[in-house]
2 protein chains.
Amino acid sequence: MPSYSAPVEDTLFLLNDVLGYQDHSELPGFADATPDLVEAILREGGKFAEEVAQPINLSGDQEGCTRSDDGTVTPPKGFKEAYEAFCEGGWGTLSADPDFGGQGLPHSLAVSFNEFISSANMAFAMYPGLTAGAVAALTLHGTDEQKQTYLPNMIAGTWTGTMNLTEPHCGTDLGLIRSKAVPQADGSYKISGTKIFISAGDHEMSENIIHLVLARIEGAPEGTKGISLFVVPKKLIGEDGSVGERNGVSCGSLEHKMGIHGNATCVMNYDNATGWLVGEENKGLRAMFTMMNEARLGVAVQGLSQSEVAYQNAVAYTKDRIQGRALTGPKAADKAADPIIVHPDVRRTLLQIRSFNEAARALVLWTALHGDVSHRSPDEKARTASDDMMGLMTPVLKGVLTDTGFANAVNAQQMFGGHGYIAEWGMEQFVRDARIAMIYEGANGIQALDLVGRKLPANGGRAVMSFFNEVGTFVKENAEDEAMQPYVEPLKASLDHLQQATMWFMNNAMKNPDHAGAGSVDYMHLFGLVGLGYMWAKIVKVVNAKLADGAGDKEEWLKAKLTFATFFMERTMPETAAHLARITSGADTIMALDAEAF
Amino acid sequence: MPSYSAPVEDTLFLLNDVLGYQDHSELPGFADATPDLVEAILREGGKFAEEVAQPINLSGDQEGCTRSDDGTVTPPKGFKEAYEAFCEGGWGTLSADPDFGGQGLPHSLAVSFNEFISSANMAFAMYPGLTAGAVAALTLHGTDEQKQTYLPNMIAGTWTGTMNLTEPHCGTDLGLIRSKAVPQADGSYKISGTKIFISAGDHEMSENIIHLVLARIEGAPEGTKGISLFVVPKKLIGEDGSVGERNGVSCGSLEHKMGIHGNATCVMNYDNATGWLVGEENKGLRAMFTMMNEARLGVAVQGLSQSEVAYQNAVAYTKDRIQGRALTGPKAADKAADPIIVHPDVRRTLLQIRSFNEAARALVLWTALHGDVSHRSPDEKARTASDDMMGLMTPVLKGVLTDTGFANAVNAQQMFGGHGYIAEWGMEQFVRDARIAMIYEGANGIQALDLVGRKLPANGGRAVMSFFNEVGTFVKENAEDEAMQPYVEPLKASLDHLQQATMWFMNNAMKNPDHAGAGSVDYMHLFGLVGLGYMWAKIVKVVNAKLADGAGDKEEWLKAKLTFATFFMERTMPETAAHLARITSGADTIMALDAEAF
């Protein structure tokens with residue numbers, strides 16, 4: 001049976017020591033996030049993840065969701081009870097708006113809890129995760145009446161939420177949406193159409209489900225300019241806020257998926273369902289996209305979460321499993337064989353994952369903190385700068401953390417040999433669950449296009465110049481510090497590769513956008529490596545300072561981080577050169593063939 | 001529903017034009033393998049794969065195998081009938097010994113058929129695949145009587161075979177085996193113990209199942225020097241060769257696996273089962289290992305096979321699925337959107353897979369041909385040289401083709417967006433099936449250790465020097481040919497990286513073997529890239545010659561290969577520099593931490 005232990009110490013170290021959480025106490029909500037409260041929330045959140053969500057992860061995968069003939073969808077055993085405990089603990093309220101029952105704490109804190117619960121049980125975490133997405137959309141675009149009607153119950157968790165975008169013939173290209181909305185005399189709309197891949201689409205865990213649905217109002221312009229956003233409750237809500245009769249929406253079937261079996265992924269049929277417009281007519285895509293950054297950051301965290309839990313289980317196994325002897329002679333002479341963690345290639349694999357996870361967690365929190373500043377700072381300049389950074393890093397994090405998180409889960413599974421392929425060990429579930437994060441909320445190829453096609457050129461390259469400047473300044477400021485050189489030198493080399501790649505796009509992709517498309521995924525990963533390397537360099541600086549001050553019983557723990565950082569510089573950063581070589585090879589070979597030649 | 005079309009043209013081109021199959025007609029069996037016969041076999045074999053094996057692949061995955069309370073194991077619907085057709089077609093006899101009913105054709109031809117059938121249905125292909133392994137072991141190590149008893153029926157397919165190595169507490173380290181064999185007065189042994197992960201361990205598809213079992217004879221020395229190999233039939237065989245009563249061996253349970261659901265992976269319980277020694281007492285591991293090369297080559301082919309079938313389906317989908325518009329303006333203006341194959345990143349993904357598959361197929365056949373020479377040549381020098389090459393390339397092929405084959409299946413799945421995650425499209429099955437090939441027949445980390453620890457230093461580095469010499473000579477001979485330069489220059493650079501890495505091991509791993517272990521997987525992949533690059537360079541040379549001669553209606557088909565080769569050089573070969581950097585970073589960082597710090 002797999003296990004999980006929330007990385008509370010690592011997270012506290014990042015928030016308090018590396019990212020300077022307490023320096024932001026002037027921001028709304030941050031004053032409440034005292035070190036004591038942050039620690040208490042992370043410890044309790046970790047405990048909830050470990051003790052409530054994790055024990056039903058493997059069984060949830062094996063049992064899956066079931067749909068009865070009457071269309072009722074039942075999640076796996078224990079999910080309803082765990083969800084009740086989630087609501088009782090107020091875990092959905094952490095960073096939500098205090099006007100509607102939220103605690104108003106920093107979103108970055110909710111992100112940490114989200115990592116823990118996703119590691120423990122990704123399929124379960126998606127139920128409140130989708131609700132949070134719907135809450136964000138309604139908060140930003142709903143009328144006051146809509147907010148009053150939906151938000152309190154959604155934030156409390158008694159109602160859950162969903163996002164309905166995809167249709168059988170369209171996912172990426174939402175301009176092709178066919179679901180239609182017919183205006184009614186009372187200002188409502190009748191919504192009809194079929195939506196697929198709807199996570200948490202139907203279930204019996206909450207009193208009501210609030211669907212946010214993209215559809216086309218009759219007579220609207222074609223393409224993306226004719227899409228509107230609607231709120232469509234599963235059960236209609238009375239004037240007094242009471243939950244009433246069923247609306248014209250139901251789960252037509254459950255998808256048979258590779259993983260996340262504990263989450264009800266539904267085909268949703270809308271048949272003259274009553275809905276209400278959210279935001280402006282025909283501006284539905286814009287409404288959806290304003291909340292995309294946070295949703296994509298949530299998926300990035302899923303990549304990290306599966307990498308982390310897979311790593312923890314691989315470490316435990318490699319310490320326990322005895323097989324063969326160390327290349328340099330027996331290490332456990334009293335046993336029939338040595339634990340396999342003595343083998344360099346086993347350690348290499350583990351360090352590859354660990355050195356990614358810590359930097360990825362740092363980059364997620366660094367970005368989420370920018371998200372908090374962008375929403376909460378009273379200083380417009382600070383808001384803009386943080387919004388730039390959040391927008392720039394979001395596709396990078398989503399693409400890189402889910403691609404690498406999946407690869408890491410596969411590598412962790414490999415440590416188990418044949419046992420890794422067997423369901424009862426739980427490792428193959430992490431791989432199957434992690435796989436979806438590379439696909440949904442915009443497949444990773446789309447993230448890469450968002451990065452090179454939209455985020456790079458935005459505002460004359462303001463965001464990317466600011467990132468280069470920040471990393472470049474850090475490199476310069478630490479270039480003379482001997483203890484920092486093993487870290488800033490590879491970082492400098494990789495930053496240089498990233499800047500060369502950026503320049504190459506500027507010089508070539510203007511005349512032929514295919515050059516940008518052909519290098520987009522490599523560029524995204526190159527960018528991610530520089531971001532992760534920057535995080536390691538920042539961490540090392542803090543570690544060195546703490547060690548110099550005398551770290552007491554934390555000394556070994558801190559020193560290990562230097563090893564993880566060194567490994568990352570030695571073994572992972574060399575990839576940036578290969579990415580650059582691929583990017584600058586351009587699109588000519590890629591576009592040379594007719595489709596028939598493939 | 002996924003589909004499959006056997007790459008017969010590509011295979012014929014490799015065998016006839018690139019590898020000069022007909023130049024070997026002096027070898028036993030090769031004279032029979034005339035171009036006409038080879039083509040007929042590949043076409044019929046392809047048809048069998050496409051029409052018999054492929055249609056039951058998805059259903060076989062969804063249904064899986066079932067075990068009744070009486071221990072009977074039933075494979076999925078249609079498997080028994082398909083297996084009967086396999087036997088009727090004589091597909092197990094291709095390269096088997098004519099003395100026992102085989103056709104004696106080149107093993108490399110059987111390897112091509114094996115690719116087709118594995119692409120079509122990997123779980124199905126494993127039933128005869130395991131039989132072929134058992135046949136090889138008995139052919140090499142069995143007594144004449146054993147051969148007469150078992151081989152004719154096994155080659156015909158009326159009896160199948162299995163390999164029983166792994167026990168719950170040991171896989172890689174077979175010295176820990178506990179299954180025991182007690183000698184009986186009649187020269188037989190009573191075998192007792194539990195074996196796990198036994199592919200095709202039990203089923204009702206054949207009259208009998210011949211288990212090859214590793215066990216320890218009572219009183220044998222500890223460790224690997226006390227392991228013997230036994231043949232243990234499921235049903236005892238009478239003096240007249242008739243199949244009689246059940247032996248003391250049964251399937252205790254079926255493993256619940258990530259994939260290859262159509263193959264019965266069994267826990268096998270031996271309870272005083274009657275068995276007979278194969279080969280010498282206590283020399284069981286040696287007997288097992290002599291047949292390892294061919295078994296590992298078979299697993300390498302599985303990696304290629306899933307990459308190929310996943311590629312084919314991804315190509316079809318990307319031509320069919322319309323979504324969005326090309327970056328350079330609409331390409332299918334008459335449709336609501338362009339097919340997604342217009343997008344550079346989609347093409348990049350497809351070319352990455354395709355440019356691997358063709359070179360991997362070439363490298364497999366090149367190596368298999370060396371295997372044929374090593375077994376069949378009358379010239380001892382030629383036999384030794386080919387045996388060297390076969391031994392050297394086997395771990396490289398097993399590790400690289402299964403790692404990359406899996407990654408390719410994942411990338412092909414990605415082309416389907418959300419549909420790739422849904423079972424009915426079949427893409428997620430390819431991923432799950434491909435995953436096991438990285439694990440069994442020696443996990444890929446073990447392959448890498450075999451390469452650097454055993455194959456590199458063997459005979460004073462004779463094999464690797466011979467490989468360097470062959471590739472280096474090719475590079476030199478073609479350096480002045482302008483049309484070859486885009487291919488031999490990157491090949492030369494990568495060969496140089498490989499030679500530097502080899503030298504680094506020589507200089508460092510002697511004093512500290514951890515340096516070899518720490519770089520072993522990178523070295524294996526670096527070696528694979530040079531091998532694949534060499535195959536592309538050889539292919540390009542043939543293509544150029546054919547184009548110069550006037551290729552008629554094959555011109556576009558041949559020219560496409562130049563694009564695949566160029567892509568490989570531009571996009572894949574740059575990885576060799578990163579591998580070298582990682583290898584030369586050594587083991588110090590990797591070995592620095594105590595196990596507790598992970």
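Heads up: the structure comes first, above all this text.
Asks: What exactly am I supposed to notice about the interface of chain A and chain B here?
Replies: Frequently, the measure chosen for interface size is the accessible area removed from exposure when the parts meet. Taken together, the contact pairs 88 residues of chain A with 88 residues of chain B. When chain A packs against chain B, close to 7400 Å² is buried across both sides, 62% of that on carbon and sulfur atoms. Looking only at chain A, the three residues that lose the most surface to chain B are Tyr421(A), Arg571(A) and Phe598(A), adding up to 13% of its buried area. Two residues, Asp522(A) and Arg571(B), come together in a salt bridge whose shortest N-O distance is 3.7 Å. Where chain A packs against chain B, one counts 46 residue pairs in polar contact (both at pLDDT 80 or more). Split into classes, the residues belonging to the side of chain A that touches chain B amount to 44 nonpolar, 23 polar and 21 charged.

Asks: Please clarify how the packing of aromatic side chains should be interpreted in this entry.
Replies: Pairs of aromatic rings are described using the distance from one ring centre to the other and the angle between the two planes. Following the criterion strictly, the structure yields 47 aromatic pairs over all chains and no others. Ring plane angle 80° and centroid distance 5.7 Å describe the contact between Phe79(A) and Phe124(A), whose orientation is recorded as edge-to-face. Here the residue Phe79(A) occupies a position in helix α4 (residues 79-88), and Phe124(A) occupies one in helix α6 (residues 122-141), the gap between them amounting to 45 residues. Owing to a relative accessible area of 1%, Phe79(A) belongs among the buried residues under this scheme. When its relative accessible area of 0% is taken as the criterion, Phe124(A) is described as buried. Taking the centre distance of 6.2 Å and the plane angle of 35° together, the rings of Phe86(B) and Phe113(B) count as tilted. Placement of Phe86(B) in helix α4 (residues 79-88) and of Phe113(B) in helix α5 (residues 107-120) is noted, with a sequence separation of 27 residues between them. For the pair Phe86(B) and Phe113(B), one class covers both residues: buried. Lying across the ring of Trp557(A), Lys554(A) places its NZ or CZ 4.6 Å from the centre.

Asks: What exactly am I supposed to notice about the environment of Gly193(A) here?
Replies: All names here are of chain A. Along the chain, Gly-193 turns up in strand β5 (residues 189-199). Each C-alpha atom, one on Gly-193 and one on Ala-215, is 8.2 Å from the other, the two residues being 22 residues apart in sequence. Discounting chain neighbours no more than four positions away, the residues touching Gly-193 are Ser-179, Met-268, Asn-269 and Tyr-270.

Asks: What exactly am I supposed to notice about the relation of the copies chain A and chain B here?
Replies: For the pair of chain copies, the relating transformation is a rotation about an axis with a translation along it. Each copy superposes on the other: chain A lies on chain B with an RMSD of 0.0 Å after a rotation of 180° and an axial shift of 0.0 Å. This pairing of chains is accounted for by a two-fold axis. Residue by residue, 100% of the interface of chain A is reproduced at the interface of chain B, so both copies engage with the same surface.

Asks: Mind showing me how you'd approach the pairing of strand β11 (residues 265-278) of chain A here?
Replies: Residues in a regular strand project their side chains so that they alternate between the two faces of the sheet. All names here are of chain A. Of all 14 residues making up β11, 10 are buried, and the element is well covered by its neighbours. In the sheet, β5 pairs with β11 via 8 bridges, with the strands oriented antiparallel. Note that in β11 the partner of Lys-190 across the bridge is Thr-274. Pairing between strand β10 (residues 249-254) and β11: 5 bridges, direction antiparallel. What sits directly across from Ser-253, in β11, is Val-267.

Asks: Even after reading the chapter, I still don't get the environment of Met393(A), so can you show me in this structure?
Replies: Residues and elements named next belong to chain A. Along the chain, Met-393 turns up in helix α11 (residues 380-414). Expressed as a C-alpha distance, the spacing of Met-393 and Phe-527, which sit 134 residues apart in the sequence, is 8.8 Å. Once residues lying within four places of it in the same chain are set aside, the contact partners of Met-393 are Leu-363, Trp-366, Thr-367, Phe-467 and Phe-527.

Asks: What's the story with the packing of helix α1 (residues 8-18) of chain B against helix α2 (residues 35-53) of chain B in this structure? I'm lost.
Replies: The geometry of a pair of packed helices is captured by two quantities: the angle between their axes and the separation between those axes. All names here are of chain B. Running from N to C, α1 and α2 cross one another at 150°; their axes reach a closest spacing of 10 Å. The orientation of α1 relative to α2 falls into the category roughly antiparallel. The way α1 lies across α2 gives a crossing that is right-handed. Two secondary-structure elements touch here, α1 through Val-8, Glu-9, Thr-11, Leu-12 and Leu-15 and α2 through Val-38, Glu-39, Leu-42 and Arg-43.

Asks: Teacher, can you tell me more about the pattern of salt bridges here?
Replies: Two side chains bearing opposite charge may form a pair once their charged atoms approach each other closely. Residue and element names in this part refer to chain A. Across all of its chains, the model carries 50 salt bridges over all chains by this definition. The closest approach of N and O atoms between Asp-10 and Lys-561, which form a salt bridge, is 2.7 Å. Taken together, the residues Asp-10 in helix α1 (residues 8-18) and Lys-561 in helix α17 (residues 555-572) connect sequence positions 551 residues apart. As far as burial versus exposure is concerned, Asp-10 and Lys-561 are alike and both buried. In this structure, Lys-546 engages Asp-17 in a salt bridge whose closest nitrogen and oxygen atoms are separated by 3.6 Å. On the criterion of sequence distance, the pair formed by Lys-546 in helix α16 (residues 514-549) and Asp-17 in helix α1 is long-range, its members being 529 residues apart. Under the relative-accessibility criterion, Lys-546 is labelled partly exposed at 30%.

Asks: Is there a simple way to think about unusual backbone geometry in this case?
Replies: Positive phi is not limited to glycine here, since Asn282(A) has a value of about 65°. Tracing the sequence through the fold places Asn282(A) in the loop between β11 and α8 (284-290).

Asks: What's the story with the nonpolar core in this structure? I'm lost.
Replies: When a protein is soluble and globular, its nonpolar side chains tend to lie buried together. Among the nonpolar cores identified, the biggest contains 408 residues, and Phe124(A), Phe467(A), Tyr523(A), Phe527(A), Phe467(B), Tyr523(B) and Phe527(B) are the most heavily contacted of them. If we skip the residues at most four places from it in the chain, Phe527(B) touches Leu392(B), Met393(B), Val396(B), Leu451(B), Val464(B), Phe467(B) and Leu498(B).

Asks: Is there a simple way to think about the state of the cysteines in this case?
Replies: The term disulfide refers to a covalent linkage connecting the sulfur atoms of a pair of cysteines. The final tally for this structure, using the stated rule, is 0 disulfides over all chains. A disulfide-free cysteine, Cys65(B) has its sulfur positioned 7.7 Å from the sulfur of Cys266(B), the nearest such atom.

Asks: I would appreciate a short explanation of the packing of helix α10 (residues 344-376) of chain A against α16(A) in the present structure.
Replies: All names here are of chain A. Taken N-terminus to C-terminus, the directions of α10 and α16 make an angle of 95°; their axes are 8 Å apart at the nearest point. Considering the angle they form, α10 stands roughly perpendicular to α16. The segment α10 lies against α16, with Ser-355, Phe-356, Glu-358, Ala-359, Ala-360, Ala-362, Leu-363 and Trp-366 engaging Gly-531, Leu-532, Tyr-534, Met-535, Trp-536 and Ile-539. Here the residues of the contact of α10 with α16 sort into 11 nonpolar, 2 polar and 1 charged.

Cut-offs used in this document
Residues numbered from 1 in each chain as written. Chains lettered and ligands numbered in written order. Predicted model: local features only at pLDDT ≥ 70, side-chain atom pairs only at ≥ 80, totals over all residues. Heavy atoms only, no water. Contact = heavy atoms within 4.5 Å. Buried area = accessible area lost by both parts, 1.4 Å probe. Salt bridge = Lys/Arg side-chain N within 4 Å of Asp/Glu carboxyl O. Polar contact = N/O pair within 3.5 Å; in protein donor to acceptor, adjacent residues only side chain to side chain. Nonpolar A, V, L, I, M, F, W, Y, C, P; charged D, E, K, R; others polar. Phe/Tyr/Trp six-rings, centres within 6.5 Å; stacked < 30°, edge-to-face > 60°. Helix = DSSP H or I, 4+ residues; strand = E, 2+ residues; numbered from the N terminus. Buried < 20%, exposed > 50% of the residue type's maximum accessible area, 1.4 Å probe, protein only. Lys NZ or Arg CZ within 6 Å of the ring centre and 35° of its normal. Least-squares fit on C-alpha atoms with pLDDT ≥ 70 in both. Pairing = 2+ DSSP bridges. Axes fitted to C-alpha atoms, helices over the stretch in contact; angles between N-to-C directions. Parallel < 35°, antiparallel > 145°, perpendicular 65-115°, else oblique. Left-handed = near helix turned anticlockwise from the far one by under 90°. Core = buried A, V, L, I, M, F, W, Y, C linked by side-chain atoms within 4.5 Å. Disulfide = S-S within 2.5 Å.

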